[in-house]
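If you want the building blocks of each chain, they are given just below.
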Amino acid sequence: MSSLSRELVFLILQFLDEEKFKETVHKLEQESGFFFNMKYFEDEVNNGNWDEVERYLSGFTKVDDNRYSMKIFFEIRKQKYLEALDKHDRSKAVEILVKDLKVFASFNEELFKEITQLLTLENFRENEQLSKYGDTKSARAIMLVELKKLIEANPLFRDKLQFPNLKNSRLRTLINQSLNWQHQLCKNPRPNPDIKTLFVDHSCGQPNGARAPSPANNPLLGSLPKAGGFPPLGAHGPFQPTPAPVPTPLAGWMSNPPTVAHPTVSGGPIGLGAPSIPAALKHPRTPPTNPSVDYPSGDSDHVTKRRAMGLSDEVNLPVNILPVSFPGHAHSQAFNAPDDLPKTVARTLNQGSAPMSMDFHPLQQTLLLVGTSVGDIGLWEVGSRERLVLRNFKVWDLGACSMPLQAALVKDPGVSVNRVIWSPDGSLFGVAYSRHIVQIYTYHGGDDMRQHLEIDAHAGGVNDLAFSHPNKQLCVITCGDDKTIKVWDATTGVKQFTLEGHEAPVYSVCPHYKENIQFIFSTALDGKIKAWLYDNLGSRVDYDAPGRWCTTMAYSADGTRLFSCGTSKDGESHIVEWNESEGAVKRTYQGFRKRSLGVVQFDTTKNRFLAAGDDFSIKFWEMDNVQLLTSFEADGGLPASPRIRFNKDGSLLAVSANENGIKILANSDGLRLLRSLENLSYDASRASETVTKPTINPITATATSAGLADRVASVAISGMTLVQYQIWKLTEISESSQCRTMKLPENMRVTKISRLIYTNSGNAILALASNAIHLLWKWQRSDRNSSGKATASVSPQLWQPSSGILMTNDVSDTNPDEAVPCFALSKNDSYVMSASGGKISLFNMMTFKTMTTFMPPPPAATFLAFHPQDNNIIAIGMDDSTIQIYNVRVDEVKSKLKGHSKRITGLAFSHVLNVLVSSGADAQLCVWSSDGWEKQKTKLLQVPAGRTPTAQSDTRVQFHQDQIHFLVVHETQLAIYETTKLGCVKEVLSFLPP
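Definitions and limits used
- Residues numbered from 1 in each chain as written.
- Predicted model: local features only at pLDDT ≥ 70, side-chain atom pairs only at ≥ 80, totals over all residues.
- Heavy atoms only, no water.
- Helix = DSSP H or I, 4+ residues; strand = E, 2+ residues; numbered from the N terminus.
- Buried < 20%, exposed > 50% of the residue type's maximum accessible area, 1.4 Å probe, protein only.
- Contact = heavy atoms within 4.5 Å.
- Areas by Shrake-Rupley, 256 points an atom, 1.4 Å probe, with all protein chains shown as cover.
- Pairing = 2+ DSSP bridges.
- Core = buried A, V, L, I, M, F, W, Y, C linked by side-chain atoms within 4.5 Å.
- Axes fitted to C-alpha atoms, helices over the stretch in contact; angles between N-to-C directions.
- Parallel < 35°, antiparallel > 145°, perpendicular 65-115°, else oblique.
- Left-handed = near helix turned anticlockwise from the far one by under 90°.
- Nonpolar A, V, L, I, M, F, W, Y, C, P; charged D, E, K, R; others polar.
- pLDDT = per-residue confidence, 0-100.
- Arc of directions from axis to C-beta.

(A) Region of interest: the overall build of the protein. Broken down by element type, the protein carries 13 helices and 54 strands. Counting only residues that meet the buried cut, the protein has 48% of its 994 residues in that class. Long-range contacts, defined here as pairs at least 24 residues apart, represent 51% of the contacts in the protein between residues at least 6 apart. Counting only carbon and sulfur atoms, one obtains 51% of the accessible surface of the protein, whose full area is about 47900 Å².

Written out as structure tokens, the structure reads:
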């Protein structure tokens, strides 16, 4: 169905709702499958109308569509079963068990047996897992919470939970517009037409032979369009729109703006020196000559393909959380903020002076850096509520400072911090002060911060600073009251560039890169936005920011969307998203106080939310919706315009409070993180090479007799283990009792297993055989294995769906002896991507169905890895030594990485460092940025003397749980590497030549 037909269904739904055809409304929702009415679904569940609940669901999903759908239907039928048992209606319970629950036995036979055994109990609450079951009403309410989460996470409900934002009676309005247009085209239009039917086109009869004025001569109607063409929008009335001057594109950002009026042009996304291409040539807007043709939306093919494949994002899942209803009823709906917003006050800290700027460490996500109004710097471990460092302002070398600064400090020693910020890897942080000075510290963990650079950067205040990596060199960017931006070498402090051109004090800087072009945005107090390259050739762009006063700019976490937030001198605040390709404001977000009582600050998180401090509260927006999502007062006590800062994963939000306070808001993930660290003391003095017991992180670390252990001086911070001293020790396995073995149930179809991995859930093993068939062994919960996890004590079952389908790779035109089998599991074990020398196949792990195949050889895939934050992005190592970054959703190779000389044998992502580590048969390691896919570092393995690796030797890589260190496995050695410097922490084992 075309997009216009789909929109017509929504108009009909709105009309039926306004006319009170309630049953018909829900019937159309179910039959069309376009809009899932969560409110109606909730009502039916609460009323126990189970047949209607399943009938309504059937319009959107079936039991075996995916694991989310299966769980939804199981929860509903289980509740229906328990209610029958609670009423002691055994016959009804047996009927439900046989007709409704039996279908789940093939997926979890043990669970079905346990459910069946409930029939033998006088009261099913005797079962330990059901002992807390209350009455029917409360049980349904608890189940509804779970069902809503499952529906919102289910990719089949994507874009179906939010009704379009329509004006009331939109269908009636369109019909009236059509009738008015028909009336204008009448040969004899009457002043007051009597329209009695919609079944035929309207036409006025000629009264008593008199002629009405022709519309062609009627000055109130304007001229009629020529036959076969379309008039421009807004041209139906007597007043033609005046063409407004169109600004130079914001995202060309790199071409000098013309001094005369000119049509909109674009040099492409951040395209330097490229010829300007008229927008009309890039995006032709010629109307169709056949008005009867429906034109689908530009992304409809991608949407269709995505739905057919059923891939979910797992991490950045753009689901609509809010309960929805039809327009006109929206104000009566209860409002629920998304659960992933940090809205619970988990910590309240007192800094001792008013916080002016805050920043969480990029890796240790509970480590908060604070700068205050009296020049103090504080470093907090918010998990343990401990302030690790408090430094008062002090000029390190007064003699090296300029005379104006020395004189100013003598006259008035008061100094405020304008900005604190960590470097991308967290090894440095910078402090910008209200007097001339920028200080850069190195950070070595715990309370160990050391003076690194002191720069007399600007005459007057330093208003902002940022770190960037132009030409792969870490730099510090500053701006100040002297109307300049300056770029400094972060290692030596040598000034590299002075960017001049602003006519007012520069308020903020925002470095970024696109398509390998590094640039800097800056804003000044006269409201001007400028864009610069790292040179002394002046700004490339000059724009006016909304508000025309204090403005800051920020990109979304993935670097694809640009936002700015500003406050005018009159207190009017604005958050807008910029359309970089058009050079204009794309959307303006609503919900600010009419007159803000201070300069509003904002932040972004999760590629989904915007937040700003305004009106004694924190306000949130979804990036795709201009309406205010919600606001929190954080239990009160906030200033008029609180300062805010998210940590990297968005689980914590630091908010400045009255009386020198800082409130830490957390979502459920943040609360778990803080609770796990609450009783830990950050004591780096415990580090000692003599420590023999392993220090285990309570969240992620595990010590096994057969694994790496005894990492000395480990300190639990932000859910990861920070290695203070890079000493790694092995637990030696010398006794057979330390090992357990098991022979998996045999399968006659295969003779050789080529690849073998545990599933991420830890309850199954997936294997790929040499004949391209996949095998899946699952452990079930039992008396001998209560956890249901993989164990050598209990034999697993070779599992297969009831359909009997096998997951089999494409092997056409391939030599089995030369093929390199490879596969990868998605984070939630829902999908497996696999290849055996032929095309790459994507399988559904629940049904074993082949969802798609792509990339026929040559070259052939030799290693696969899912992006940890987006299942649609896959890194594919090839036998021609390249790595292809492939987007499944749009069936497109986004980047091709070249750095190895032989086939790729290993790939591993770090979601903490945002990098991809690759290894090849050339015994080489490469580190790539997963933001722009640039190569950051490379290193050849040191092969032991006297040992020459074979021509086809594999090198495998796997990240440690801290996501900073990784294990390298080569036929000559095992080694542990630290990622950021690509240094070998420990050569664990070197295999001597035979």
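(B) Here's a closer look at the pairing of strand β15 (residues 495-500). Two strands pair when backbone bridges link them, and strand β14 (residues 484-489) and β15 are joined in this way by five bridges, in the antiparallel orientation. Bridged to V487 within β15 is F497. Remark: five residues form the turn of the hairpin made by β14 and β15, two consecutive strands paired antiparallel; G493 in that turn has positive phi of roughly 80 degrees.

(C) Region of the structure containing the nonpolar core. One finds F36, F41, L57 and Y81 to be the most contacted residues of the largest nonpolar core, which totals 43 residues. Those elements giving two or more residues to this core turn out to be α3 (38-46), α4 (50-58), α5 (67-86), α6 (90-101), α7 (109-117) and α8 (136-153). Among the elements that make up this core, the one with the highest residue count is α5 (10 residues). If you look at the next biggest cluster of nonpolar residues, it comprises 21 residues, including I377, L409, V420 and V431.

(D) A look at the pairing of strand β11 (residues 449-456). Two strands pair when backbone bridges link them, and strand β10 (residues 437-443) and β11 are joined in this way by seven bridges, in the antiparallel orientation. Within β11, the residue paired with Y443 across the bridge is M449. Taken together, β10 and the strand that follows it, β11, pair antiparallel across an intervening segment of five residues, in which G445 is found at a positive phi of about 95 degrees.

(E) View of the packing of α5 against α6. Between α5 and α6, the shortest axis-to-axis distance is 8 Å and the interhelical angle comes to 165 degrees. Classed by the angle they form, the pair α5 and α6 counts as roughly antiparallel. Regarding α5 and α6, the two cross each other, and that crossing is left-handed. Contacts between α5 and α6 involve F74, R77, K78, K80, Y81, A84 and L85 on the former and, on the latter, R90, K92, A93, I96, L97, D100 and L101. Here the residues of the contact of α5 with α6 are counted per class, giving eight nonpolar, no polar and six charged.

(F) Broad picture of the confidence of the model for the protein. Confidence in the prediction for the protein averages 78 pLDDT; 78% of positions are at 70 or higher. Taken element by element, the predicted model of the protein shows its lowest mean pLDDT in helix α10 (residues 279-282) (29) and its highest in strand β13 (residues 475-480) (96). Contacts for the low-pLDDT stretch residues 208-336, under 50 throughout, to residues beyond four places or in other chains number 215 contacts. Predicted confidence for residues 679-729 stays below pLDDT 50, and this span has 112 contacts to residues more than four positions away or in other chains.

(G) Representation of helix α12 (residues 403-411). Within α12 the residues assigned to the buried category are L405, Q406 and L409. In an axial view of α12, the angular spread of the buried residues amounts to 100 degrees, which keeps them on one side of the axis. Among the exposed residues of α12, those pointing more than 90 degrees away from its buried face are M403, P404, V410 and K411. At its buried positions, α12 is contacted by β10 and β11.

(H) Spotlight on the side chain of S836. Structurally, S836 is set in the loop between β40 (831-835) and β41 (840-844). For S836, a relative accessible area of 5% puts it in the buried group.

(I) Quick peek at the sheet that holds strand β21 (residues 562-567). Read across the sheet, four strands follow the order β20-β21-β22-β23 without closing on themselves; strand pairing throughout is antiparallel. The strands lining the two open edges of the sheet, one partner per strand, are β20 (550-555) and β23 (584-589). Sheet twist, expressed as the average angle between the axes of neighbouring strands with direction ignored, equals 30 degrees. Two elements, strand β22 (residues 573-579) and β23, share five bridges in a ladder whose sense is antiparallel. By the bridge assignment, V576 is partnered in β23 with T588.

(J) How the structure looks around unusual backbone geometry. Residue P858 follows P857 across a cis peptide bond; omega there is -5 degrees. Here P858 shows up in the loop between β42 (850-854) and β43 (861-867). Cis geometry marks the peptide bond from P858 to P859; its omega dihedral reads -10 degrees. Mapped onto the elements, P859 comes out in the loop between β42 and β43. The residue W933 is not glycine, and still its phi comes out positive at about 65 degrees. Overall, the relative accessible area of 14% leaves W933 in the buried class. Within the chain, L982 stands out as a residue other than glycine whose phi angle is a positive 50 degrees.

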